[in-house]
Amino acid sequence: MTLPSRKIYAVVDNNVVVEMKGISISFPGVKALDSVDFTLREGEIHSLLGENGAGKSTLIKALTGVYAIDSGSIQVLGVERRFANTADAQSAGIATVYQEINLCSNLSVGENVMLGHEVRGPFGIDWKATHAKASTYLNELGLHIEPRSPLSSHSLAIQQLVAISRAVVVDCRLLILDEPTSSLDRSEVEQLFAVMRRLKDRNVAILFVSHFLDQVFEISDRMTILRNGQLEGEYLVGAINRSTLISKMLGRELAELDLIGRAATRAIDRSGAPVLKVLGLGRKGSIEPVDLEVYDGEVLGLAGLLGSGRTELARIIYGADRADSGRVEVRGVPAHLSSPQQSAHHRIAFSSEDRREEGIIGDLTVAENLVLAVQAKRGWLQKVPRAQQQSIIDEYMVALGIKPNNPNALIRNLSGGNQQKVLLARWLATSPQLLILDEPTRGIDIGAKAEVQQLVARLAEDGMGVIFISSELDEVLRVSQRIAVLRDHRKVAEIDNAADVGVSSLVELIAKEGAA
Amino acid sequence: MSQTNVAAPTPTAGPATKRPPRLRIRTSWVPVLAAVAILIIMFLAAQLYFGRFLTPRLLSSLLVDNAYLMVLAAGMTFVILSGGIDLSVGAVMAFTGMLAAKLLLIGVPVAVVIPTMLAAGAVSGLIIGIMVQYFDVQPFIASLAGMFLARGLCFVVSLEAIQVKDPTVLGLQSTKLGDFEWYLTPTGIIALVVIAIAAWVLGYTRFGRTVYAIGGNVHSARLMGLPVARSKVLVYVISGICAGIAGLLFTSYTAAGYSLNGIGTELDTIAAVVIGGTLLTGGSGYALGSLIGVLVYGVIKVSITFLGADSSWTRITIGVLLLAFVVVQRLIVRRANRH
Amino acid sequence: MTRIFKHRLIWPIAALVALIVLNSISRPSFLSITITRGQLYGSLIDILRDSAPLMLVALGMALVIATRGIDLSVGAQMAISGSVALTIIADSKTPNSLGTVVVAILAGVAITLVFGLWNGFLVAVVGIQPIIATLVLMLAGRGIALLITGGFITTITSTPYAVLSQGHVLGFPVAFLVSAIAIAIVTVLVRRTALGVLTEAVGINPSASRLAGVRSRGIVWSLYGLSGLLAGMAGILYSSNIMAADANNAGINIELDAILAVVLGGTSLAGGKFTLAGTVIGVFIIQTLTSTITFLGVPPAVTPVFKAVVVIIVCLSQSQRMRGWISGLRPPKRLVVTTPNETPIATNRTTA
């Protein structure tokens, strides 16, 4: 690894651009940020790190005026600021480029750079001058593209850079790059980094968020780690190694992580046909071809950081997204799983990581949500008889300990953990042979977490095949018999969860450098 | 129009260009060109079929007879570009016409009446815009309420048709400039001027570009710090003012204010704008295209009269054309998304 | 007591009751129902009878709206079904035979069912926005109806056909009974099967429903078909009332009234939860309002002003900002206020 060590020390004493002190933000039931301090200096690239729910997004949104802060202070160049909206933050010199590029793809590149700042002549906008000026800005960042070309004709990488050029137009002091590299290939990332370095030389502070640790180590001068809404620490890039970083993000010392108990490793009978066999299944841009097998009674854990392709893989197996290569066998018979209905027909169930957008039907009751998958399978004409509905509800409300024990409550009023249990129950009621769980324990409290883990273990013991995805490695270790490790959109290892496997060995596999 | 400068790639493109710019047309002009092609094909087909179709008189009347629709389409273009819709235009046109007829009848000078018409249109647009922007009412519903209100107010003004005798108003239509064959009335000139202004505003002002940005991606437009709220209200005000102007033209055309004028005109307007190449989801389209769309509508109407066919074929043909354009637009958008 | 006030139908019912009270104060005869030769007569009965076409249309509209859609073509479809039925009767040698009339009605309704399915195809399969997909038929539909009638207002004399609007059975107007049967059938259809709950699921959260295996395409498609079918029946009732097929005026603006009835009844235009009972009440409110305005001597043509006021009040009362003002609070501070068709900025809060 090449550490630009000279630069690191150069930025230590640079002028402070933004100083956030004691920032707290809470949402109903969640403390998203708990008195976090955060400092950005001129000419530094500062990475913000943390797993899901750590508070990265919230912090950025506080900095860009999307969320109001409950307490704390934000100083920009020594002046205390209160942002009521995004325009306030922009006028203070804070520009943001989001993962989902916030430009207008219906307009030209030049227009996107110059929108709201067009050069005007006596007859309105002087397009020639406007495009020429846009060109200058683009050139400054080493982008040699035709400003009159439609934005949509360019790759995402170029669009990303155009968005950054726009930030230069508004003369920003701080540039926030939120996951800018998630859909870029290596050479595009290089191009982006070149632009970032140019801006850095112009004394712009850059806040960089990425799930790719290689990139973080390559480009950053400094990093701040958040966990569960709290500040874990601020480090110079040379002062911390990758494994330490991961354990800080996950919140435990490696040694301590290894001590956590786990379900007794069971022997899985792999003599028959696997319940699911996946061969070369992939989709361009989201996951490279993968082989997997899941047997009856087996929990296959998918370990990897966010953005490693674990969710994409799960969605493709289930048919929520279409695969563009590979095939699938269910119990040794070739199967075509290109829609949720087909998967349901093969008794394969999937619970999405996005509980709110892709799980619950918020305005329906717990009972209606619970019966939904069974009902969908039967079609609308054959309503599940009342008695059968009642027995499903009675059985699962009690078996999963759903609280409040009121099937007529609207599901959106339940806590996250209980919503998750209802969603699990929704699928269990269809008696699946394979259950795919994507982050089933995210954002729910410790008690509910343990219950969900126990439930998964019990289901597998009773013979169900499970694919279990979690960013909490100890959780994966606790429930899985086999573990597939994903990194950068590909499967990099598959191991038996033997007694000598611990979080540290998983971290090693996830963090392994240069193997790609 | 001057608008072409924006879209057509000039050979001397950006100084930064490394490879020579290819000669190609921006995709947003494709539907407009398709409309032009359809218009030309219809002209030729009609000429071949009827023998004497492409006469100066007919072409002149095509412009003059549809002047009010052009003005409405110009306003509607703003609204649809911003991603909204305005169903109130036909009713507001009828209401302002009615109001003008009444005011003229009781002796209010025409110099007061015409600004009053525009103001009435603007106020109705303002109400709709505020409902849409500040009270989160869907544009469809808000403009529907505006339509109900204007239509009802027509009858409050008068249940009967009111004849207009004011020479200024009538003169807008009856004054024929030009020789006997080629002619243009002040109403036609007003319509063309409105289209030209609309094209200029959309192409050459920051407000115009903001409208495109909002229609393209309102979320992005907001994050880019553009004045989204103000612009969204303003497009409805513009549409309202255009409805007021259209009211004037229509009153001059029919020489009367009548409450049932312009029923269904909002649909004709939307159809003309869409046929003229404006994407209903917003963000893509041109005022010039809407002019073409209105002409296509006019030619269909005239051809059907020439054929002696039932006038109901006009609506059917428009409906089929609208469907064809929407499906094509849908396919274009789908392909763009796949990229 | 608080439970009653929280019931979602309380406000529509209160509005209806208020209208009725207002009417009965200003004209005491309003509530009186007389029985002549075993048939019921009176203002209330008139309202029941006159509301029938709107009732049919509004039932279909409620279901379409629940899927996050809208059907603008219902008025045009009414014109089509009326034209088809009356043309068949007019061309028949036996306009008074029950068989002719039944065939005519079935043909009229069948053709709008096909048109409804066409709408559903455009929305569910081609993926065109519902407003536009149905706008096409709204535009072309009246033209089609005019073609069927040959551009004239077809008038007929047919005793069995006239029964639909003039006749009484068990003392009640036939038109009302038709709408009552439609209410019953639709209610059974959506609540006895799983159609209702699956429709709501699709309307509330399409992506979650899809992942749960719900076949939303088929559901949306068939609901547009149902809406067409009901509009067709409404067109039959309307044409029976005037014994003429008036392609230009049959069901004019009824799509707006239907949308209004659905919204008044407490179903959100954003889709999701719907209430048929509320829709029925909404229809009665509109019909009573129309009747009241007529009674007050206001020209019926001015009715739209009152409807506009009602629409504005209802929409404003549903808006966040207005609710914030009313309860003396500002809008929730971090919920960035956006219109429904925009992506709110503050959605994925947990995604770090």
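See the structure shown above.
A brief look at the structure comes next. Every value quoted in this text rests on a predicted model; they were computed, and no experiment measured them. (Residues numbered from 1 in each chain as written. Chains lettered and ligands numbered in written order. Predicted model: local features only at pLDDT ≥ 70, side-chain atom pairs only at ≥ 80, totals over all residues. Heavy atoms only, no water.)

What follows covers the sheet that holds strand β16 (residues 325-330) of chain A. Residues and elements named next belong to chain A. One open sheet holds the 4 strands; their spatial order is β14-β13-β16-β17, and the pairing between them is antiparallel. Two strands lie at the open edges of the sheet, namely β14 (287-294) and β17 (333-335), each paired on one side alone. Taking the axes of each pair of neighbouring strands and ignoring which way they run, one obtains an average angle of 25 degrees across the sheet. Bridging between strand β13 (residues 276-283) and β14 involves 5 bridges; their strand directions are antiparallel. Its bridge partner lying in β14, R283 is registered against I287. (Pairing = 2+ DSSP bridges. Helix = DSSP H or I, 4+ residues; strand = E, 2+ residues; numbered from the N terminus. Axes fitted to C-alpha atoms, helices over the stretch in contact; angles between N-to-C directions.)

Here we come to unusual backbone geometry. With phi around 55 degrees, D136 of chain B is a residue other than glycine that occupies positive phi space. Along the polypeptide, D136 of chain B turns up in the loop between α6 (110-134) and α7 (139-157). If you check the backbone angles, M243 of chain C has positive phi at about 50 degrees while not being a glycine. Locating M243 of chain C in the fold gives a position in the loop between α12 (216-242) and β6 (244-245). Of the residues examined, M243 of chain C reaches a relative accessible area of 15% and is grouped as buried. (Buried < 20%, exposed > 50% of the residue type's maximum accessible area, 1.4 Å probe, protein only.)

Right, let's get into empty space enclosed by the protein. With the rule as written, the count across this model stands at 12 cavities of 30 Å³ or more. The space that makes up the largest cavity amounts to roughly 250 Å³. Lining of the largest cavity is provided by 17 residues; of these, Q90, T96 and R166 of chain A together with L223 and M224 of chain B occupy positions nearest its centre. Take the lining of the largest cavity: its biggest share by element is 4 residues, from strand β6 (residues 94-97) of chain A. Its residues assigned to classes, the lining of the largest cavity shows 11 nonpolar, 5 polar and 1 charged. Its volume calculated, the second largest cavity comes out at about 160 Å³. Every residue lining the second largest cavity is counted, 16 residues in all, and those nearest its centre are H211, L213, L305, R487 and D488 of chain A. (1 Å grid on protein atoms, 1.4 Å probe; cavity = no way out; pocket = protein on both sides within 12 Å on 5 of 7 lines; lining within 4 Å. Points joined across faces, edges and corners; volume = space filled by probe spheres on them. Nonpolar A, V, L, I, M, F, W, Y, C, P; charged D, E, K, R; others polar.)

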